Amino acid sequence: MIYSKLPVVFLNTIASEKQGSTNGEIASYIITHLDEVKYMGIAQLAQSCHVANSSISRFVKDIGLKNYNELRELMLSASLHFECEDSLGSYTTHLQHAINDVYQTINHHEIDRLCQKIKTYKKIAAFGLLKAETAAMNFVDEMMMLGKPIYTNVSYFEQIDYILHASEEDLIIIFSYTGAYFDYPGLRSDLKKPHIVFISSTCDQYPDFINQVIDFHSDGSLVGHPYTLMLVGSYISQVYAKS
């Protein structure tokens, strides 16, 4: 898993909130001062963010946590990781290898299967977390140009809410570079059987409620993320346009 739960929750909160919102400001402060706030009590964090204690409590509830102690546990276990290449040349070479892995290992039959499903289903959504959502948005944009509207939402919580309320009439396409999308929320026992297609680098095991997997070989590095997912999404659009 590239990202721990805290950046997934917080960065989606920052991206989906209105500019200057209290929740967005709190999330931004915590991410920026993570080492300092890990051991703060709620009153001290509220003072540092220039908000009331009640604002911190509302923030905790709004991001799906039970209480402030759970937030502190997330902060203590948070891992912020960034891979840095030596030069643009090494970065480009690494990215070329990642894209070539997709070209060599993608299953064209599974792409064809998905395109047929996209033609059949009327309710379709495409989701991803953080960088993977950019691949989902790019895919949605291309499909819109082909006259096929597909829903997406950058908010982590809106995505989860949509999935939890989806039925067998819904086709949901998940972009997940590491295959860890369903490791974050507790969804495994609560789904109402939507048809889920998972686009991911190859994993040892996928949740049993996933109906179809479109995977590819990857070394799991950040360099290939989200470009490999965007490549697969664009290829799906190309095959759909010709089908």
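Shown above is the structure to which this text applies.
Just so you know, these numbers come straight off a predicted model, no measurement behind them.

**Q** When you look at the sheet that holds strand β2 (residues 170-176) in this model, what are you seeing that I'm missing?
**A** Two orientations exist for strands paired in a sheet by backbone hydrogen bonds: parallel and antiparallel. With parallel pairing, the 4 strands of this open sheet are ordered in space as β1-β2-β3-β4. Bordering the open sheet on either side are β1 (123-128) and β4 (212-216), each of which pairs with just one other strand. Averaged over all pairs of adjacent strands, the angle between their axes in this sheet comes to 15°, without regard to strand direction. Where β1 lies against β2, 6 bridges are found, and the strand directions are parallel. Looking at β2, one finds that Ala125 is bridged to Ile172. Contacting β1 and β2, helix α9 (residues 131-145) runs over the sheet at an angle of about 145° to β1. Here helix α10 (residues 156-165) sits on the sheet and contacts β1 and β2; the angle it forms with β1, its principal contact strand, is near 140°.

**Q** Help me understand the packing of helix α8 (residues 108-120) against helix α11 (residues 227-242) in this model?
**A** For any two helices packed against each other, the geometry comes down to the angle between their axes and how far apart the axes lie. The contact between α8 and α11 brings their axes to 9 Å, and the two run at 65°. Here the hand of the crossing between α8 and α11 comes out right-handed. For the pair α8 and α11, the contacting residues are His108, Ile111, Asp112, Leu114, Cys115, Ile118 and Lys119 in the first and Val232, Tyr235, Ile236, Val239 and Tyr240 in the second. Class assignment for the residues of the contact of α8 with α11 results in 9 nonpolar, 1 polar and 2 charged.

**Q** Can you help me understand the packing of aromatic side chains in this one?
**A** Aromatic rings in a pair are described by how distant their centres are and how their planes are angled relative to each other. A full pass over the atoms with the stated rule returns 8 aromatic pairs. Both rings, one in Phe139 and one in Phe175, keep their centres 5.8 Å apart while their planes meet at 55°; by these two values the pair is tilted. With Phe139 in helix α9 and Phe175 in strand β2, this pair connects stretches of sequence that are 36 residues apart. Across the pair, exposure class does not vary: Phe139 and Phe175 are buried alike.

**Q** How should I be thinking about helix α6 (residues 68-77) in this particular structure?
**A** The α-helix advances 3.6 residues per turn, and as a result positions three or four apart in sequence lie on the same side. Tyr68, Leu71, Leu74 and Met75 are the residues of α6 that are buried. End-on view of α6: buried residues confined to an arc of 115°, all on one side of the axis. In α6, the exposed positions angled more than 90 degrees off the buried face are occupied by Asn69 and Glu73. Measuring from the backbone nitrogen of Asn69 back to the side-chain oxygen at the start of α6 gives 3.2 Å, which picks out Asn67 as the cap.

**Q** Please explain the pattern of salt bridges as it appears in this structure.
**A** For side chains of opposite charge, pairing can occur when their charged atoms come near one another. Under the counting rule described, the total for this entry stands at 2 salt bridges. Here Asp170 ties to Lys123 by a salt bridge, and the two come within 3.5 Å at their closest N and O atoms. In this pair, Asp170 is assigned in strand β2 and Lys123 in strand β1, connecting sequence segments 47 residues apart. Under the relative-accessibility criterion, Asp170 is labelled buried at 2%.

Rules and cut-offs
Residues numbered from 1 in each chain as written. Predicted model: local features only at pLDDT ≥ 70, side-chain atom pairs only at ≥ 80, totals over all residues. Heavy atoms only, no water. Pairing = 2+ DSSP bridges. Helix = DSSP H or I, 4+ residues; strand = E, 2+ residues; numbered from the N terminus. Axes fitted to C-alpha atoms, helices over the stretch in contact; angles between N-to-C directions. Contact = heavy atoms within 4.5 Å. Left-handed = near helix turned anticlockwise from the far one by under 90°. Nonpolar A, V, L, I, M, F, W, Y, C, P; charged D, E, K, R; others polar. Phe/Tyr/Trp six-rings, centres within 6.5 Å; stacked < 30°, edge-to-face > 60°. Buried < 20%, exposed > 50% of the residue type's maximum accessible area, 1.4 Å probe, protein only. Arc of directions from axis to C-beta. Polar contact = N/O pair within 3.5 Å; in protein donor to acceptor, adjacent residues only side chain to side chain. Salt bridge = Lys/Arg side-chain N within 4 Å of Asp/Glu carboxyl O.

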